[in-house]
Amino acid sequence: MMVIAVGLSSYNVALFHLVNHAFYKALLFLGAGSVIHAVADNQDFRKYGGLIAFLPLTYSVMLIASLSLVAFPFMTGFYSKDFILESAFGQFQLSSIVVYFIATIGAMFTTLYSVKVLYLTFLTNANGPIVNYRKADEGDIFMSLPLIILAIFSIFFGYITKDIFIGLASGFFADNSLFIHPSHEIMLDTEFAVLTLFKLLPLFLTISLSVLSIVTCEYLPKLLISFKFTRLGYNIFSFFNQRFFIELLYNKFITRFILNLGGQTTKVLDKGSVELLGPYGLEKGLLKLSKSLSSLDTGVITSYALYILIGSILYILMPYISFIDISLLLLMLYALLTININTAWTYVKYHLLVVQLIHSQKVRVLIYIISFIVINVVYVMTSEPIYCTPVANEFDTYAQLADHIEWNYHNLKSSNSVSGPPSLKHANFHLESANTKCMFLDYIDHDEGGKQLPVLNKFRSGLKRVVESGEPSWHRVKITKALIKSVRDFENV
């Protein structure tokens with residue numbers, strides 16, 4: 001009801017109903033707690049009945065709370081709940097009238113379940129075990145006093161404060177703590193324009209439905225049972241008994257999906273990747289790594305010497321391997337981290353076999369030769385060729401610069417096979433050498449006389465083209481040779 005009042009822009013009525021609702025709803029809950037406490041914590045009210053003789057105070061306060069809840073005239077709930085229903089009709093729009101009838105139907109069912117609770121708990125025959133009734137009694141002053149105070153407020157609070165909250169001349173919200181736009185003000189239409197029929201319709205429907213239900217259950221039970229066994233009665237009873245199938249649809253299409261999604265999320269994230277990357281996975285990984293490393297402890301002195309040798313070689317080659325290709329270094333580290341007991345034992349067996357073979361003189365000579373070849377290959381791969389030494393800027397004439405480039409070119413050509421073009425590596429170095437010459441062009445620009453001849457510009461642009469172009473390496477070498485010829489021609493002029 002409070003949400004309906006907010007939707008009608010009647011914020012003062014919504015606040016008024018919120019405060020009223022607090023008193024009688026709290027009284028209902030405390031009364032239910034008093035009943036549960038009296039019957040040994042039994043919460044199935046189908047096993048209650050006949051408790052009015054044992055709990056007269058609790059029955060009285062719950063009756064007051066129920067009457068206020070169903071908006072019985074002159075109770076606290078009547079002044080706010082009934083006014084909200086009238087306000088919904090007082091807008092005189094289709095949507096608000098639909099809301100009025102829906103809220104009236106809701107008020108009818110509220111009255112029905114309130115009467116049901118009071119009837120099955122206090123008025124009907126006793127249905128519970130006798131031991132519960134022997135000990136049933138009102139609570140002490142600490143339980144009874146709050147019930148009495150809330151019952152008083154459930155009766156008189158609405159009547160006392162109605163003019164403060166919803167009075168036409170009330171200045172309670174004059175400080176604009178609750179602002180209602182004048183175009184949304186419907187209090188006058190609600191008070192004077194709504195027909196009396198629609199003002200009294202909720203009261204008539206709730207009372208009639210309550211009386212009909214009590215009479216049917218008490219005096220016509222056979223008629224009710226026979227109606228339930230018909231197809232129509234069974235469907236109607238199932239529809240209401242299963243809460244309009246709202247919970248069925250909600251559990252089937254929403255709750256089940258969320259539970260499955262949450263289960264998969266817990267399985268994959270919480271129990272999966274989070275724990276794998278967290279303390280659990282770290283602990284397991286360290287334990288596995290320590291077991292793998294401990295499996296290398298074979299007790300054989302030659303194994304330890306081999307470990308030291310392998311570690312030294314890796315330590316020496318690590319800068320070169322990482323400079324050439326970092327993936328090799330990562331692969332070697334991954335191989336060391338994935339050693340397990342079985343592979344370690346296999347490695348130990350092969351190592352013992354290698355130790356036996358080393359005692360052979362021929363095998364020793366072969367190992368020495370292979371080691372010499374490997375060392376030389378590594379040295380050649382990681383050191384600069386002789387012709388790649390940097391050249392200082394000591395070029396007095398264009399001829400000296402051309403001689404140096406031509407000398408690099410002939411060394412480049414002679415270091416490769418005669419039948420084919422130079423390799424990509426050497427061609428790249430030659431381009432780097434040409435790139436070095438580009439830095440000397442400023443020196444050439446300051447030559448005696450300051451000659452800016454077209455040949456020099458052609459030389460400069462040609463060298464930059466050699467360095468920056470994306471042409472094949474052999475084509476770049478041909479371009480460099482053509483540049484040398486251009487410099488020679490310029491020198492002969």
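Everything numeric in this text was worked out from a predicted model, so none of it was measured.

**Some points on the overall build of the protein chain**
Move 1: What the protein chain contains, in helices and strands, is 22 helices and 0 strands.
Move 2: Per-residue burial for the protein chain yields a buried fraction of 31% across its 493 residues.
Move 3: Expressed as a percentage of contacts within the protein chain between residues at least 6 apart in sequence, the contacts between residues at least 24 apart total 72%.
Move 4: Surface accessibility of the protein chain: about 32300 Å² in total, with carbon and sulfur atoms responsible for 69%.

**Focus on the confidence of the model for the protein chain**
Move 1: Averaged over every residue, the pLDDT of the protein chain is 75; the share at 70 or more is 65%.
Move 2: Counting contacts from residues 384–398, a segment whose pLDDT is below 50, to residues more than four positions away or on other chains yields 23 contacts.
Move 3: A low-confidence stretch, residues 415–452 stays under pLDDT 50, and its non-local contacts, those more than four residues away or across chains, total 57 contacts.

**Some words on the packing of helix α3 (residues 56–69) against helix α7 (residues 141–166)**
Move 1: Contact pair α3 / α7: the axes reach a minimum separation of 10 Å and the direction vectors enclose 30°. The angle between α3 and α7 places the two elements in the roughly parallel class. Seen along the crossing, α3 lies across α7 with a hand that is left-handed. Along its contact with α3, which presents Leu57, Val61, Ile64 and Ser68, the element α7 presents Ser144, Leu147, Ile148, Ala151, Ser154 and Ile155.
Move 2: Split into classes, the residues belonging to the contact of α3 with α7 amount to 7 nonpolar, 3 polar and no charged.

**Regarding the side chain of Thr216**
Move 1: Mapped onto the elements of the fold, Thr216 is located in helix α9 (residues 196–219).
Move 2: Judged by relative accessible area, which is 17%, Thr216 ranks as buried.
Move 3: Once you skip the residues sitting within four places of it in the chain, Thr216 turns out to touch Pro221 and Leu224.

**Some details on the packing of aromatic side chains**
Move 1: Under the counting rule described, the total for this entry stands at 20 aromatic pairs.
Move 2: Ring geometry for Phe89 and Tyr100: centres 5.2 Å apart, planes at 70°, overall edge-to-face. Placement of the pair is Phe89 in helix α4 (residues 76–90) and Tyr100 in helix α5 (residues 94–123), with a sequence separation of 11 residues. For the pair Phe89 and Tyr100, a shared accessibility class is recorded, and that class is buried.
Move 3: Centroid distance Phe109 to Phe240: 5.9 Å. Interplanar angle 35°. Geometry classified as tilted. Of this pair, Phe109 sits in helix α5 while Phe240 sits in helix α11 (residues 231–241), and the two are 131 residues apart along the sequence.
Move 4: A relative accessible area of 34% places Phe109 in the partly exposed class.
Move 5: Connected via pairs of aromatic rings, a cluster forms that spans Phe89, Phe92, Tyr100, Phe101 and Phe198.

**Describing the pattern of salt bridges**
Move 1: Summed over the entire model, instances satisfying the criterion amount to 3 salt bridges.
Move 2: With a closest N to O distance of 3.1 Å, Asp44 and Arg46 form a salt bridge.
Move 3: On the basis of relative accessibility, which here comes to 23%, the residue Asp44 falls in the partly exposed class.
Move 4: In this structure Arg46 comes out as exposed when scored by relative accessible area, which is 64%.
Move 5: Between Arg243 and Glu247 there is a salt bridge, and its shortest N-O distance comes to 3.0 Å.

**Some remarks on unusual backbone geometry**
Move 1: Notably, Asp41 is not glycine yet its phi reads approximately 65°, a positive angle.
Move 2: By the element assignment, Asp41 lies in the loop between α2 (11–38) and α3.

The rules we used
- Residues numbered from 1 in each chain as written.
- Predicted model: local features only at pLDDT ≥ 70, side-chain atom pairs only at ≥ 80, totals over all residues.
- Heavy atoms only, no water.
- Helix = DSSP H or I, 4+ residues; strand = E, 2+ residues; numbered from the N terminus.
- Buried < 20%, exposed > 50% of the residue type's maximum accessible area, 1.4 Å probe, protein only.
- Contact = heavy atoms within 4.5 Å.
- Areas by Shrake-Rupley, 256 points an atom, 1.4 Å probe, with all protein chains shown as cover.
- pLDDT = per-residue confidence, 0-100.
- Axes fitted to C-alpha atoms, helices over the stretch in contact; angles between N-to-C directions.
- Parallel < 35°, antiparallel > 145°, perpendicular 65-115°, else oblique.
- Left-handed = near helix turned anticlockwise from the far one by under 90°.
- Nonpolar A, V, L, I, M, F, W, Y, C, P; charged D, E, K, R; others polar.
- Phe/Tyr/Trp six-rings, centres within 6.5 Å; stacked < 30°, edge-to-face > 60°.
- Salt bridge = Lys/Arg side-chain N within 4 Å of Asp/Glu carboxyl O.

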